[in-house]
Every structure is written in structure tokens, then in C-alpha cells.
Amino acid sequence: MSTPPRIDEGLWRELAPQTLGRLLRTYGSDQFDVCEDAVQDALLDAHRQWATRPPDDPRAWLTATARRRYVDRVRSDVRRRDREDRVARLEAPLAGEAAQGDDALLLLQLCCHPDLPRSAQVALTLRAVAGLTTAQIANTYQLPETTIAQRITRAKRRLADAGSGFPRREHTAERLGPVPDVLYVMLTEAHHTTSGAPARDADLAAEAIHLARLLRRASPASTEVAGLLALVLLTEARHPARVGPLDRLVPLDEQDRTRWDRALVDEGLALLDAVVPGASPGPYLLQACIAGVHAQAPDTASTDWAEIDVLYALLEHVTGRRNPTIALNRIVAQAMTTGPEVASASLDELTALHPRLPRVDAVRAHLLDRSGRTAEAASAYRRAIAATVNVAEQRHLRERLRRLGDG
């Protein structure tokens, strides 16, 4: 018996939010739960049927199937008559919908409804648009899974109470405020998956680039959006050298930079050259500038670490020192300019304020290793291995621990 062909998971990731966006634009955001269930029903149908006979136009097939599933669910509801009247009025040809823009961006704007608090906007968007699981979102924010699940449920309920929520074309800018935050979390999860085996989620990274480009077109005057797109491009450019055989993580100081995607690097640097002069330094633009310094250096030794330290200092100032991850990254840069002992003292101060900060043991092990304190570094590596749930990251840390033993 032959094995059915495997369907590209990236296709599901791309089509699901676009299909959900089309249904919501047609039937209204008060139908969020019903539309989401209809899309999930259609995806299950697709998994069963496409394995043996993929359609010529997957997007149209999935949308048409989701519409039928929506109508099936509506008909079973006690308010059948009112909703079926609405279906008859609002059913529209796909060509007309496509002219209104990318459905994933429209769904982003819906999830960023002004009636929702920022935390709910981000959680709902990560779930509905990025396709992250509740567990992934919870890991990213270091919150209980039940808290995130409740946050998403309340967000859907508030959208339903608010009624149809897609903004008019001239009002889209007011809905884009939280979107960069969402795309940044997507980028972080794509390149530092919080759980499971893969070192990188390629489909999520591709979707982050796609949405960042759409956001740039929707907000051409925003230097922060430009900075976010540059950051996404420069981060993705490292991938060919960052992940080796068998999903092995290759740290920055060991990467073959000739393998970086030069087209993405050039695009990211050109974007920075166009927007940095005269721009107010925002968090994403500053992080893109840091990535740009790395991108312009042929190797770790040639990197302008003093400039990176200054940029991190600006970033801490702009964010009001609220982000301990930024402080942790700055400590790594400090180690290259002031030495591991001074950086270790800064790490002690940071962990006193944030004792459960992710990656702190990995950074501590790195600093202890550079200081020649092998036994203490080995203990820190073991703690870091126990703390991470990503298999690729665990392998990388075990390799570092093994090298200590060889030394």
C-alpha cells in the first residue's frame, strides 16, 4: 500500500489565517468562534482529501469548503433564520474580496480591535494569525497556559460583543499599533522555538517576513515598521549558517558568514540606510541596527562590539529598562568589550531582579567558560540544559558542556 503524499505544513500556515479573514470579513467579527470552527473543519477535510488528490487551487478550495462548513454550523443554531438571511445577503465572489487586500493583514487588524487590551490583541493574533498553540504563547510570555487560554476566550467574546470590526480603509492605521509586537513574537518563536525538536520554524519565519512586508506597505512612513522589517530580514538571512546538519545550532561566533543570505542582508541594510538618518530611535529600529552591525562584520573578532553596546544602552533607555531580555543581550556584548568578569557582575544584578529569566544559565555558563572557571561553567550548563525544552537548544548546550570536558 503506497503512502499518501505529505502536504506542506507551510501551506496550512499560509492559508488558514487568510481563509479565516475572508469568512470574518463576510460574516462579521461577532461570528469569530463559528468562523474559526468552520476553518478548522475545512482544514480537517483538506488533510483527508488532499493527501490523495490535491486541488488545482488550494486557496479557493479551502475558502469554499469553509463557507459550506460555516453555513452548516449556522443552520444548526437556534437563530438559524436571521443568520441564513445574512449569509444570503453577504455571500460575495472571491474576486471581489481579493481586491480588498491581503486577508491575513485584515485579520491582523481585526485581532487588534481597539476594544481589546494590548495583551489580548497580541494573544489572539498569535493564535488566529500566526497559528501558535496556546502552550507556545504561554512559553513565550512565561505565563500559565490557562491564563493565555482565558485571555484568548475573553478576546473572542469581546469581539463578538463589539460587532463587525474590520476597519474602513482610511482608518487602518489606528489598528496597526500592536501588529509589530505580534510580528516580533512570531520572529522570536520562529528562530528560538520554545518547545519541541526543531531549532527553527521555517514556515512561521516565512509568514513573519510576508506580514512584515505587508505592514511596511500599509505604513510606509513608519520608521519602526521599517526597522521591524529590516530586523526580520537580517535575522532570517543568518539561517543558512545558523542551523547545521541534524538541526544542530551553530552559535554566531562559529557561523560561516559567507553562507548568510546576501540578498536578504543587502535588502535589510538598504532599508536601514534609507530610514535611519533623522529617525527617532525606536525599539525595533535599534534592534535592526544591532543586527546590521553584525551583518557588516566579516567575523566575530571584527565586529564593532562597542557600537553594539551603545545601541543596547539606547535600547534599554527607550524601553525604560522594562525588558530583561534586552539587558541579558547587552551583557553578552559587554563581555566582548569589558571582559567576562565585569559582565558576570552585571548578570548577578540582573538575576537578582529577574531570578526566572530564560537563558540566564546559558549566558552565565558562557561567561564562566571564558573566565576559565570550568567547573562552575559545567554546573551552569547543566542547569541550562535542564531548563530548556527545545531539543536543538539542549543539544547545543550539551555540546558546549562536552567541549569543557575535552578541554
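Thresholds, definitions, all that
Residue positions are given per chain, counting from 1 as you read along its sequence in written order. A pLDDT threshold of at least 70 governs which residues receive local features in this predicted model, and a stricter bar of 80 or more applies before side-chain atom pairs are shown or counted, although totals over entire chains, interfaces and linings include all residues. For the side-chain quantities, the full set of heavy atoms in the structure was used; hydrogens and water were omitted. Under the DSSP-based scheme used, a helix requires at least four consecutive residues in state H or I and a strand at least two consecutive residues in state E, with every element numbered from the N terminus. Burial classification: accessible surface area is computed with a 1.4 Å probe over protein chains only, and a residue below 20% of its type maximum counts as buried, one above 50% as exposed, and the rest as partly exposed. Should any heavy atoms of two residues lie within 4.5 Å, those residues are considered in contact. The Shrake-Rupley method, run with a 1.4 Å probe, gives the accessible areas here. Residue values count only the displayed protein chains as cover. To estimate the expected span of a helix, subtract one from its residue number and multiply by 1.5 Å. Here an axis means a line fitted to C-alpha atoms, over the contact stretch when the element is a helix, while the angle between two N-to-C directions is reported on a 0 to 180 degree scale. An angle below 35 degrees is treated as roughly parallel, one above 145 as roughly antiparallel, one from 65 to 115 as roughly perpendicular, and anything else as oblique. If you view the pair so one helix is near and one far, a crossing is left-handed when the near helix is turned anticlockwise from the far one by less than a right angle, and right-handed when it is turned clockwise. Using only the protein atoms, space was sampled on a 1 Å grid; points where a 1.4 Å probe fits but cannot get out form cavities, open sets with protein on both sides within 12 Å along at least five of seven lines form pockets, and lining residues are those with an atom within 4 Å of a point. Grid points are joined across faces, edges and corners, and a volume is the space filled by probe spheres set on the points. Amino acids outside the nonpolar list (Ala, Val, Leu, Ile, Met, Phe, Trp, Tyr, Cys, Pro) and the charged list (Asp, Glu, Lys, Arg) are all regarded as polar, and Gly is one of them. Side-chain atoms within 4.5 Å link the members of a nonpolar core, which is a set of buried Ala, Val, Leu, Ile, Met, Phe, Trp, Tyr and Cys residues. Only centres within 6.5 Å qualify two rings of Phe, Tyr or Trp (six-membered ring in Trp) as a pair; their planes then separate them into stacked at under 30 degrees, edge-to-face at over 60, and tilted for everything else. The predictor attaches a confidence to each residue, called pLDDT, with possible values from 0 through 100.

### Quick word on the overall build of the protein
Item 1. Looking only at helices and strands, the protein features 21 helices and 0 strands.
Item 2. The 407 residues of the protein split such that 50% are buried.
Item 3. Here the analysis covers contacts within the protein between residues at least 6 apart in sequence; of these, 65% occur between residues at least 24 apart.
Item 4. Roughly 19,700 Å² of accessible area belongs to the protein as shown, and the carbon and sulfur atoms make up 51% of that amount.

### Examining helix 2 (residues 32–50)
Item 1. In a regular helix each residue adds 1.5 Å, so 19 residues correspond to 27 Å; helix 2 covers 26 Å between its end C-alpha atoms and thus fits that length.
Item 2. For helix 2, the set of buried residues is Phe-32, Val-34, Cys-35, Glu-36, Ala-38, Val-39, Asp-41, Ala-42, Leu-43, Asp-45, Ala-46 and Trp-50.

### A closer look at the packing of helix 11 (residues 202–218) against helix 12 (residues 223–237)
Item 1. Across the interface, helix 11 lies against helix 12 with an axial gap of 9 Å and an inter-helix angle of 155°. Relative to helix 12, the element helix 11 lies roughly antiparallel. Here helix 11 runs over helix 12; the crossing is left-handed. Across from Ala-205, Ala-208, Ile-209, Ala-212, Arg-213, Leu-215 and Arg-216 in helix 11, the residues of helix 12 making contact are Val-225, Ala-226, Leu-228, Leu-229, Val-232, Leu-233 and Glu-236.

### Considerations on the layout of surface pockets
Item 1. Put simply, the second largest pocket is a space of about 660 Å³.
Item 2. In terms of lining residues, the second largest pocket is bounded by 23 residues, among which Ala-16, Gln-40, Leu-43, Arg-127 and Gly-131 are the most central.
Item 3. Counted by class, the lining of the second largest pocket contains 11 nonpolar, 5 polar and 7 charged residues.

### Overview of the packing of helix 7 (residues 118–128) against helix 10 (residues 179–191)
Item 1. Between helix 7 and helix 10, whose axes approach to 9 Å, the crossing angle comes to 50°. The orientation of helix 7 with respect to helix 10, classified from their angle, is oblique. As for how helix 7 packs across helix 10, the hand of that crossing is right-handed. Residues Arg-118, Val-122, Thr-125 and Leu-126 of helix 7 touch helix 10, and the partners they reach there are Asp-181, Val-182, Val-185 and Met-186.
Item 2. Taken together, the residues of the contact of helix 7 with helix 10 break down into 5 nonpolar, 1 polar and 2 charged.

### Looking at the environment of Gln-109
Item 1. Among the secondary structure elements, Gln-109 is positioned in helix 6 (residues 103–111).
Item 2. Separated by 68 residues in sequence, Gln-109 and Gly-177 place their C-alpha atoms 9.3 Å apart.

### Focus: the nonpolar core
Item 1. Of all hydrophobic cores here, the largest spans 93 residues; its most connected members are Phe-32, Tyr-70, Leu-126 and Met-186.
Item 2. Of the residues forming this core, the biggest block, 10 residues, is contributed by helix 12.
Item 3. Discounting chain neighbours no more than four positions away, the residues touching Met-186 are Leu-126, Ala-130, Leu-204, Glu-207, Ala-208 and Leu-211.
Item 4. Listed in part, the 12 residues of the second largest apolar core include Ala-377, Ala-378, Ala-380 and Tyr-381.

### Things to note about the packing of aromatic side chains
Item 1. Taken as a whole and judged by the stated rule, the model has 2 aromatic pairs.
Item 2. Summarising the aromatic geometry, the rings of Trp-50 and Trp-61 are spaced 5.3 Å apart at their centres and angled 75° between planes, so their arrangement reads as edge-to-face. Note that Trp-50 is positioned in helix 2 and Trp-61 in helix 3 (residues 58–75), a separation of 11 residues in sequence.
Item 3. On the accessibility criterion, Trp-50 (2% relative accessible area) is buried.
Item 4. Residue class for Trp-61 comes out partly exposed when judged on its relative accessible area of 21%.
Item 5. Note on Tyr-184 and Tyr-284: the rings are 5.4 Å apart at their centroids and 45° apart in plane angle, and the pair reads as tilted. Remark: Tyr-284 occurs in helix 15 (residues 283–296) and Tyr-184 occurs in helix 10; sequence separation between them is 100 residues.
Item 6. Tyr-184 sits in the partly exposed class, given a relative accessible area of 26%.

### Quick look at the confidence of the model for the protein
Item 1. On average, residues of the protein carry a pLDDT of 81, and 84% of them reach 70 or more.
Item 2. The secondary structure element of the protein with the lowest average pLDDT is helix 5 (residues 94–98), at 37, and the one with the highest is helix 15, at 96.
Item 3. Scored below 50 in pLDDT, residues 1–6 shows 2 contacts in the model against residues more than four places distant or in partner chains.
Item 4. Note on residues 78–101: pLDDT is under 50 here. Beyond four places in sequence and across chains, it has 34 contacts.

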